[in-house]
Amino acid sequence: GNSVTQMEGPVTLSEEAFLTINCTYTATGYPSLFWYVQYPGEGLQLLLKATKADDKGSNKGFEATYRKETTSFHLEKGSVQVSDSAVYFCALSTGGEDKIIFGKGTRLHILP
Amino acid sequence: ETGVTQSPTHLIKTRGQQVTLRCSSQSGHNTVSWYQQALGQGPQFIFQYYREEENGRGNFPPRFSGLQFPNYSSELNVNALELDDSALYLCASSITTGSYEQYFGPGTRLTVT
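These numbers come from a predicted model, not from an experiment.

A. Quick look at the overall build of chain A. Of the regular secondary structure elements, chain A holds zero helices and 12 strands. Starting at the N terminus and ending at the C terminus, chain A contains elements arranged as β-β-β-β-β-β-β-β-β-β-β-β. Computed over the C-alpha atoms, the radius of gyration of chain A is 13 Å, within 12% of the 13 Å expected from 2.2 N^0.38 for a compact globule of 112 residues. On the principal axes, the C-alpha backbone points of chain A span a range of 45 × 30 × 20 Å. Across the 112 residues that make up chain A, the buried fraction comes to 46%. Pairs at least 24 apart in sequence give 56% of the contacts found in chain A among residues at least 6 apart. As displayed, chain A offers around 5300 Å² of accessible surface, 48% of which is attributable to carbon and sulfur atoms. A gap of 4 Å separates the mean positions of the 10 positive and 12 negative side-chain charges of chain A.

B. Spatial organisation of the environment of Gly98 of chain B. Residues and elements named next belong to chain B. Among the structural elements, Gly98 can be located in the loop between strand 9 (87-94) and strand 10 (103-104). On the basis of relative accessibility, which here comes to 35%, the residue Gly98 falls in the partly exposed class. Expressed as a C-alpha distance, the spacing of Gly98 and Val32, which sit 66 residues apart in the sequence, is 11 Å.

C. Local environment of the layout of surface pockets. As a volume, the largest pocket reaches approximately 460 Å³. Taken together, 22 residues line the largest pocket, and the ones lying closest to its centre are Gln38 and Arg107 of chain A together with Gln37, Leu88 and Arg109 of chain B. Broken down by secondary-structure element, the contributors of at least two residues to the lining of the largest pocket are strand 10 (86-93) and strand 12 (106-111) of chain A. Each residue belonging to the lining of the largest pocket can be placed in one class, and the counts come to eight nonpolar, 10 polar and four charged.

D. A look at the state of the cysteines. Residues and elements named next belong to chain A. Under the defined criterion, the tally for this structure stands at two disulfides over all chains. Bridging Cys23 to Cys90, the disulfide has an S-S length of 1.9 Å. Note on the Cys23 and Cys90 pair: the S-S dihedral is about -70°, so by sign convention the disulfide is left-handed. With Cys23 in strand 4 (residues 23-26) and Cys90 in strand 10, this pair connects stretches of sequence that are 67 residues apart. By relative accessible area, which is 1% here, Cys23 ends up buried. Since its relative accessible area comes to 1%, Cys90 is described here as buried.

E. Representation of the sheet that holds strand 7 (residues 64-68) of chain B within the structure. Residue and element names in this part refer to chain B. Pairing within the open sheet is antiparallel, and its four strands lie in the order 1-3-8-7. A single partner strand is all that each edge strand has here, and the edge strands are strand 1 (5-7) and strand 7. Along the sheet, successive strands turn relative to each other by an average axial angle of 20°, direction set aside. Strand direction decides the pairing type here: strand 1 and strand 3 (residues 19-24), joined by three bridges, are antiparallel.

F. Local environment of unusual backbone geometry. Cis peptide bonds are those with omega within 30 degrees of zero, and the linkage from Gly9 of chain A to Pro10 of chain A qualifies with 0°. Look at the link from Ser7 of chain B to Pro8 of chain B: it is a cis peptide, with omega at -10°. Position of Pro8 of chain B among the secondary structure elements: in the loop between strand 1 and strand 2 (10-13). Although it is not a glycine, Tyr72 of chain B adopts a positive phi angle of roughly 75°.

G. Broad picture of the packing of aromatic side chains. Scanning the model with the defined rule gives 12 aromatic pairs over all chains in all. Here the aromatic rings of Tyr36 of chain A and Phe104 of chain B are separated by 5.4 Å at their centres, their planes lie at 80°, and the arrangement is edge-to-face. On the criterion of chain membership, the pair formed by Tyr36 of chain A in strand 5 (residues 32-38) and Phe104 of chain B in strand 10 is interchain, its members lying in two chains. Phe104 of chain B shares its class with Tyr36 of chain A; the two are buried. Taken together, a centroid distance of 6.0 Å and an interplanar angle of 75° make the contact between Phe102 of chain A and Phe104 of chain B edge-to-face. Highlighted residues: Phe102 of chain A in strand 11 (residues 101-102) and Phe104 of chain B in strand 10, drawn from two different chains. The exposure class assigned to Phe102 of chain A is buried, which follows from its relative accessible area of 6%. Connected via pairs of aromatic rings, a cluster forms that spans Phe34, Tyr36, Phe89 and Phe102 of chain A together with Tyr35, Phe45 and Phe104 of chain B.

Parameters and conventions
Residues numbered from 1 in each chain as written. Chains lettered and ligands numbered in written order. Predicted model: local features only at pLDDT ≥ 70, side-chain atom pairs only at ≥ 80, totals over all residues. Heavy atoms only, no water. Helix = DSSP H or I, 4+ residues; strand = E, 2+ residues; numbered from the N terminus. Rg over C-alpha atoms; globule rule 2.2 N^0.38 Å. Buried < 20%, exposed > 50% of the residue type's maximum accessible area, 1.4 Å probe, protein only. Contact = heavy atoms within 4.5 Å. Areas by Shrake-Rupley, 256 points an atom, 1.4 Å probe, with all protein chains shown as cover. Lys, Arg positive; Asp, Glu negative; His and termini not counted. Charge placed at Lys NZ, Arg CZ, Asp CG, Glu CD. 1 Å grid on protein atoms, 1.4 Å probe; cavity = no way out; pocket = protein on both sides within 12 Å on 5 of 7 lines; lining within 4 Å. Points joined across faces, edges and corners; volume = space filled by probe spheres on them. Nonpolar A, V, L, I, M, F, W, Y, C, P; charged D, E, K, R; others polar. Disulfide = S-S within 2.5 Å. Pairing = 2+ DSSP bridges. Axes fitted to C-alpha atoms, helices over the stretch in contact; angles between N-to-C directions. Phe/Tyr/Trp six-rings, centres within 6.5 Å; stacked < 30°, edge-to-face > 60°.

This is the structure in structure tokens:
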């Protein structure tokens, strides 16, 4: 079945450091890929998305590229801020299903 | 534009009881999906409602049921609560079924004792 695997946290970085959170997926067909962010005490917010191979999603300085050959969608940011501290979820959805399948989440701590 | 809202924010129930959670979808959205997020886990799909009909269901037992109303708001009902039902329940709305963009509410935190 379809699934998402992302690196386990917590990930702790200093402010202005470079961030990578790895995500790989297993899916039949051609899924759309997402990164969601969950700030403390809040629901999920869509951070970025990509709907086909080689697409790059970007938002708020975060980027992720849909790599079909490696079935990956790694999240990157060049310079993190304390306000980026949150839990990040990689997710996918396929055309034949309406549900979103989430990874387990990666907690990110940014130290000032 | 009003986003997705959920009520109540927090809820404490006893094992064996029944609970109803409520969700108001974003304006213009006719599809509502429900997810269960256990502590430290990603959300798991429970079911989706489109135009008042169930439109897909995840791997949850029948004691999890739902409704969607003509104004597209929705309820999630859970009967015979178990300790493992303790979780954050998230509602998400989308402009239509098959839409990849789902907008999430803040969730209802359910604790079963």
